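# Structure at a glance
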Amino acid sequence: GTTPAVIEAAGSTGNLVKQIQVSFTEELNAIDANAAANYELRRRVNGTFGDADDVVYNLTPSYTFNATTGASVTTLGLGLAGAALPAGTYRLTVFGRASNSLHDTAGNRLDGNRDGAVSGSLADEYVRDFTVAGAGISVSPISGDTTEAGGTATFSVVLTREPTADVTIALA
């Protein structure tokens, strides 16, 4: 599974995404789990993943295993100095290839598609696409009516998502 859960569900979120956690069913080889080469996060720019204009993030994995609870989790820092991912469509890949893969402590390679068969092919990678929605603005009237004769009105303007840059609201 993942945190935020929207990644596992291949859905969309309007919440801030400042890190990603990937949970595993077994204890992992810590060297593999902490190797940045075993993870990839990319944002598509032109609607197609895998071409030259994708933005690829410099992930920093940090693996923990709790022997008491069995929790096996890698937290992926996004290389954004604490900032959130900008709006866009993303692909998270945890590699399960023969050339680079996570392994459990018994040496078994990742079965990312959870089919029970590990071949070391692209099919064994954990791949999820998800969307981060842009900052939204909610405008609600509080009092008064505007008129051409100069009437005034009061409105409440609320950001529905923490912005990742300066916000300018044009009134007309």
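Residues numbered from 1 in each chain as written. Predicted model: local features only at pLDDT ≥ 70, side-chain atom pairs only at ≥ 80, totals over all residues. Heavy atoms only, no water.

The next point concerns the nonpolar core. Counting 24 residues, the largest nonpolar core has I20, L41, L85, L92 and F130 as its most contacted members. Those elements that place two or more of their residues in this core are α1 (5-8), β3 (19-24), β4 (39-43), β8 (88-94) and β9 (126-132). For F130, the residues in contact, after removing those within four places along its chain, are V6, I7, G11, I20, L41, L85, G88, T89, Y90 and L92. (Core = buried A, V, L, I, M, F, W, Y, C linked by side-chain atoms within 4.5 Å. Buried < 20%, exposed > 50% of the residue type's maximum accessible area, 1.4 Å probe, protein only. Helix = DSSP H or I, 4+ residues; strand = E, 2+ residues; numbered from the N terminus. Contact = heavy atoms within 4.5 Å.)

What the five strands build is an open sheet, ordered β2-β9-β8-β4-β5; its pairing is mixed. On the outer flanks of this sheet lie β2 (12-13) and β5 (55-56), each paired with one strand and no other. Across five bridges, the pairing between β4 and β8 is antiparallel. Its bridge partner lying in β8, R43 is registered against Y90. (Pairing = 2+ DSSP bridges.)

The tally for this structure, following the rule as stated, stands at two aromatic pairs. Taken together, a centroid distance of 5.5 Å and an interplanar angle of 20° make the contact between Y90 and F130 stacked. With Y90 in strand β8 and F130 in strand β9, this residue pair connects regions lying 40 residues apart in the sequence. The residues Y90 and F130 share a single accessibility class, namely buried. Among the aromatic side chains, those forming a connected cluster through ring pairs are Y57, Y90 and F130. (Phe/Tyr/Trp six-rings, centres within 6.5 Å; stacked < 30°, edge-to-face > 60°.)

The sheet built from four strands is open, its strands ordered β1-β3-β7-β6 with antiparallel pairing. Here the strands that pair on one side only, and so sit at the sheet edges, are β1 (2-3) and β6 (60-65). Across six bridges, β3 lies against strand β7 (residues 72-77) in antiparallel orientation. Note on β7: the bridge partner recorded for V22 is T74.

For the structure on display, the rule yields four salt bridges. Among the salt bridges present, the one from D54 reaches R42, with a minimum N-O distance of 2.8 Å. You can see D54 sitting in the loop between β4 and β5 and its partner R42 sitting in strand β4, a full 12 residues away along the chain. In this structure, D54 and R42 share a single accessibility class: buried. One network of salt bridges, in which partners are shared, links E40, R42 and D54. (Salt bridge = Lys/Arg side-chain N within 4 Å of Asp/Glu carboxyl O.)

By themselves, these are just geometric observations and shouldn't be taken as functional.
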